[in-house]
Amino acid sequence: MRIELATQPGDPHHPNEDFASVALPASGRGGALVLLDGVTPPPSGDTGCTHGVPWFTARLGGALLELAVARPGLTLADCLAEAISRTADAHRTTCDLTHRRTPQATVVVARWDDERVEHLVLSDSALLVEAPDGTVTAVLDDRIDRLRALGPVTDAQRNADGGFFTAAASPSVAGLAVTGATARSSVRALSALTDGAGRWVEVFGLGDWAECFALVAKSGPQALIDAVRCAEADPERSSLVRGKAHDDAAVVYAEL
């Protein structure tokens with residue numbers, strides 16, 4: 001089995017808000033990966049929370065990975081709901097969890113055993129699944145893209161009916177994630193990317209998802225992040241970037 005991951009902050013002077021981890025149970029059978037992209041607070045820093053986004057993603061990501069590995073009887077949506085509840089309980093007495101910008105994150109989880117590979121995707125991070133014949137399938141939650149096609153996406157659409165959803169303080173959001181399962185024999189490898197790394201495809205158009213996966217498989221996760229940083233620094237491409245000029249980026253690759 002080959003496991004690789006890389007992550008890099010968009011700004012070296014600002015904490016990385018992404019979380020990436022992989023667990024391989026001591027039994028030697030199966031495993032799980034978790035990737036979170038923390039949502040950067042507004043310039044005012046007003047989130048109603050005294051802890052911050054890196055604290056939140058570390059708490060949520062750690063709880064989610066532990067549940068996915070230790071509780072195989074739970075669905076990934078149930079694991080996410082429980083992880084959100086645990087994280088909320090850790091700061092509900094000190095922070096305003098009803099604040100629209102309470103710390104939150106996008107989520108990718110994959111879990112595999114001898115029989116199947118399960119997945120969950122919430123918001124705009126991506127999971128790429130490679131079949132034994134080399135076919136690559138992108139598992140995406142496209143709600144933000146669909147909203148963007150209709151006009152500017154606003155903060156009022158965050159975790160609201162008809163909008164887009166991230167893991168924040170309400171466990172019910174887990175039921176809105178994109179979930180599914182694939183026969184283990186139909187999966188050769190997986191790659192999870194936060195949108196900071198997914199810019200290679202979605203912003204700069206340097207290739208499609210299959211070509212993105214091929215780059216990660218051949219040269220490793222850091223090579224993809226380096227390619228994104230080069231594109232971000234290119235004056236001819238900088239106008240393509242929406243939002244931050246440089247975003248936190250994280251990539252996980254798992255050859256099963």
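The rules behind each value
- Residues numbered from 1 in each chain as written.
- Predicted model: local features only at pLDDT ≥ 70, side-chain atom pairs only at ≥ 80, totals over all residues.
- Heavy atoms only, no water.
- Helix = DSSP H or I, 4+ residues; strand = E, 2+ residues; numbered from the N terminus.
- Rg over C-alpha atoms; globule rule 2.2 N^0.38 Å.
- Buried < 20%, exposed > 50% of the residue type's maximum accessible area, 1.4 Å probe, protein only.
- Contact = heavy atoms within 4.5 Å.
- Areas by Shrake-Rupley, 256 points an atom, 1.4 Å probe, with all protein chains shown as cover.
- Lys, Arg positive; Asp, Glu negative; His and termini not counted.
- Charge placed at Lys NZ, Arg CZ, Asp CG, Glu CD.
- Pairing = 2+ DSSP bridges.
- Phe/Tyr/Trp six-rings, centres within 6.5 Å; stacked < 30°, edge-to-face > 60°.
- Axes fitted to C-alpha atoms, helices over the stretch in contact; angles between N-to-C directions.

Here the focus is the overall build of the protein. When its secondary structure is counted, the protein shows six helices and ten strands. Whereas a compact globule of 256 residues would reach a radius of gyration of roughly 18 Å, the protein reaches 17 Å, a difference of no more than 12%. Seen through its C-alpha atoms, the protein measures out along the principal axes to roughly 50 × 50 × 35 Å. Within the protein, the proportion of its 256 residues that are buried is 47%. Look at the contacts in the protein between residues 6 or more apart in sequence, and 70% of them connect residues 24 or more apart. Here the protein has roughly 11400 Å² of accessible surface; of this, 52% comes from carbon and sulfur atoms. Side chains of the protein carry 22 positive and 34 negative charges; the gap between the two charge centres is 2 Å.

Our next topic: the pairing of strand β7 (residues 136-140). Bridge count for strand β6 (residues 126-130) against β7 is five bridges, and the pairing is antiparallel. Within the sheet, the bridge partner assigned to Leu127 lies in β7 and is Val139. Turn length for the β6-β7 hairpin, with the two strands adjacent in sequence and antiparallel, is five residues, and the turn residue Gly134 shows positive phi of about 90 degrees.

Another point: unusual backbone geometry. Note: most residues except glycine have negative phi, and most peptide bonds are trans. One non-glycine residue, Ser123, lies in positive phi territory at about 75 degrees. The buried category is assigned to Ser123, whose relative accessible area is 4%. The backbone phi angle of Asn159 is positive, close to 50 degrees, even though this residue is not glycine. Residue placement: Asn159 occurs in the loop between α3 (143-148) and β8 (178-183). The exposure class assigned to Asn159 is partly exposed, which follows from its relative accessible area of 31%.

Within the structure shown, the criterion is met by one aromatic pair. Ring geometry for Phe213 against Tyr253: centres 5.8 Å apart, planes inclined by 55 degrees, an arrangement best described as tilted. With a gap of 40 residues between them, Phe213 in helix α5 (residues 209-219) and Tyr253 in strand β10 (residues 249-255) connect regions that are remote in the sequence.

This part takes up the sheet that holds strand β3 (residues 31-38). Strand pairs in the sheet, formed through backbone hydrogen bonds, run parallel or antiparallel to each other. Here five strands make up an open sheet; going across it, the order is β2-β3-β4-β5-β8 and the pairing antiparallel. The strands lining the two open edges of the sheet, one partner per strand, are β2 (18-23) and β8. Shown here is a sheet whose adjacent strand axes are inclined to one another by a mean of 10 degrees, direction ignored. With six bridges joining them, strand β4 (residues 105-112) and strand β5 (residues 116-122) adopt antiparallel strand pairing. Along β5, the bridge assignment pairs Val109 with Leu120.

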